[in-house]
Amino acid sequence: MCTKWIYGLLLLTLMACQQKTSKMQTVLQSDSMQLFVFLNLDCPICQKYQGQFKSLEDSAYTTYYVFPGQIQSKQLSHWMQYNQIDQAHVIQDSNFVWTDFTKASNTPEAILYHREQVIYRGLLTDQFRGVGAFQSEGHINYVHNALNSLRQHVPIQNTKPVGCFIEPH
């Protein structure tokens, strides 16, 4: 009796992982580039970016907003409405599958990904350069800089993300 229960639980776990993995494979194996923006609604720096997320988007890549850990659907719905982000571009990463795969460590953090490799990792803009180093608005969009460097075949400069650490799980 106990063996059947354990087997059933293992099967459910594997099915859940397979569904997430297949979505991840579909996204990551496409020919287009993807930008993953890791966010936490409780992070003060993420909150300062409110209303600016559309400026990160570009026709050269698909943008996904990843929320590691548990998040209330009402809060997320409000965030999507305020930032005019479609549900298809939001990933609730409650099991940290995407976070672990991309090795994201902070929120906010941008990871530009193409053909199964990281192209850029780091800051979104220069609005926050370090703890206490804040400007009212960003002047440099590091994601767009990385894209321009890629197009010009020059080395891409990663930056160190500043913000809230993604809590261990």
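None of these values were measured; they are calculated from a predicted model. (Residues numbered from 1 in each chain as written. Predicted model: local features only at pLDDT ≥ 70, side-chain atom pairs only at ≥ 80, totals over all residues. Heavy atoms only, no water.)

Here we take up the sheet that holds strand β3 (residues 90-93). Across the sheet, five strands lie side by side as β3-β2-β1-β5-β6; this open sheet has mixed pairing. Looking at strand neighbours, the two that pair on one side only are β3 and β6 (117-122), the edges of this open sheet. Sheet twist, expressed as the average angle between the axes of neighbouring strands with direction ignored, equals 25 degrees. Across five bridges, strand β1 (residues 33-38) lies against strand β5 (residues 109-114) in antiparallel orientation. (Pairing = 2+ DSSP bridges. Helix = DSSP H or I, 4+ residues; strand = E, 2+ residues; numbered from the N terminus. Axes fitted to C-alpha atoms, helices over the stretch in contact; angles between N-to-C directions.)

This part takes up the nonpolar core. The biggest cluster of nonpolar side chains holds 32 residues, and the ones touching the most others in it are L35, L39, Y65, F67, W79, L112 and Y120. Every element with two or more residues in this core is listed here: β1, α2 (44-48), β2 (61-68), α3 (73-83), β5, β6 and α5 (142-151). Ranked by residue count, the leading element in this core is α5, at four residues. Setting aside its immediate chain neighbours within four residues, Y65 contacts V37, L39, F53, E57, W79, I85, H89, V90 and I91. Grouped together as the second largest cluster of nonpolar side chains are twelve residues, M24, I111, Y113 and I166 included. (Core = buried A, V, L, I, M, F, W, Y, C linked by side-chain atoms within 4.5 Å. Buried < 20%, exposed > 50% of the residue type's maximum accessible area, 1.4 Å probe, protein only. Contact = heavy atoms within 4.5 Å.)

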